[in-house]
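Topology and contacts: notes
For reference, the chains in residue letters:
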Amino acid sequence: MTQSISVVIPTWNSQSCILDCLAAVHSSSLTGICVVDNGSTDGTLDLVRDCYPDVKLIEFPTNHGFSVAVNSGI
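Okay, so let's go over this structure. (Residues numbered from 1 in each chain as written. Predicted model: local features only at pLDDT ≥ 70, side-chain atom pairs only at ≥ 80, totals over all residues. Heavy atoms only, no water.)

What follows concerns the overall build of the protein chain. Tallying secondary structure elements over the protein chain gives three helices and three strands in all. A compact globule built from 74 residues would reach a C-alpha radius of gyration of about 11 Å, and the protein chain, at 12 Å, matches this within 12%. Projecting the C-alpha coordinates of the protein chain onto the three principal axes gives extents of approximately 40 × 25 × 15 Å. A burial count over the protein chain gives 35% of its 74 residues as buried. Pairs at least 24 apart in sequence give 63% of the contacts found in the protein chain among residues at least 6 apart. Accessible surface for the protein chain amounts to roughly 4600 Å². Of this, 55% is attributable to carbon and sulfur atoms. (Helix = DSSP H or I, 4+ residues; strand = E, 2+ residues; numbered from the N terminus. Rg over C-alpha atoms; globule rule 2.2 N^0.38 Å. Buried < 20%, exposed > 50% of the residue type's maximum accessible area, 1.4 Å probe, protein only. Contact = heavy atoms within 4.5 Å. Areas by Shrake-Rupley, 256 points an atom, 1.4 Å probe, with all protein chains shown as cover.)

This brings us to the pairing of strand 3 (residues 56–60). In this sheet, strand 3 lies alongside strand 2 (residues 32–38) in parallel orientation, the contact comprising five bridges. Bridged to Val 36 within strand 3 is Ile 58. This β-α-β element, strand 2 to helix 2 (residues 44–51) to strand 3, shows right-handed connectivity. (Pairing = 2+ DSSP bridges. Right-handed = clockwise from strand over helix to strand, strands pointing away.)

Let us now look at the sheet that holds strand 3. Ordered by their spatial adjacency, three strands build an open sheet running 1-2-3, and the pairing between neighbours is parallel. Two strands bound the open sheet, and with one partner strand each, they are strand 1 (6–11) and strand 3. Each neighbouring strand pair of the sheet contributes to a mean axis angle of 15°, computed without reference to strand direction. Where helix 2 meets the sheet, its contacts fall on strand 1, strand 2 and strand 3, and the angle it forms with strand 3 comes to roughly 165°. The sheet contacts of helix 3 (residues 66–73) involve strand 1, strand 2 and strand 3, and relative to strand 1 the element is tilted by about 150°. (Axes fitted to C-alpha atoms, helices over the stretch in contact; angles between N-to-C directions.)

Below is the structure:
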C-alpha cells in the first residue's frame, strides 16, 4: 500500500526563510506541499511562485492567524 503525506506550511512575511524550508521539504518523498500565506507584504508569495511553481499556494489578503492557515491548508 502506498501512503501519501502532505505538509502544510503557514507563513507570514517569511521571505528570509521560506526557500530553506521548501528546499528541505521538497527534497523528501512527500506527495503534497501547501503554503498558506497570511497576507505577507515582503515578497514571500512571489518567491514561492517563482521558485516552487508546483507547490499549492493559498493566499489570504490579511493575517488570519496560525490555526486558520493550517486548517485551510488541510
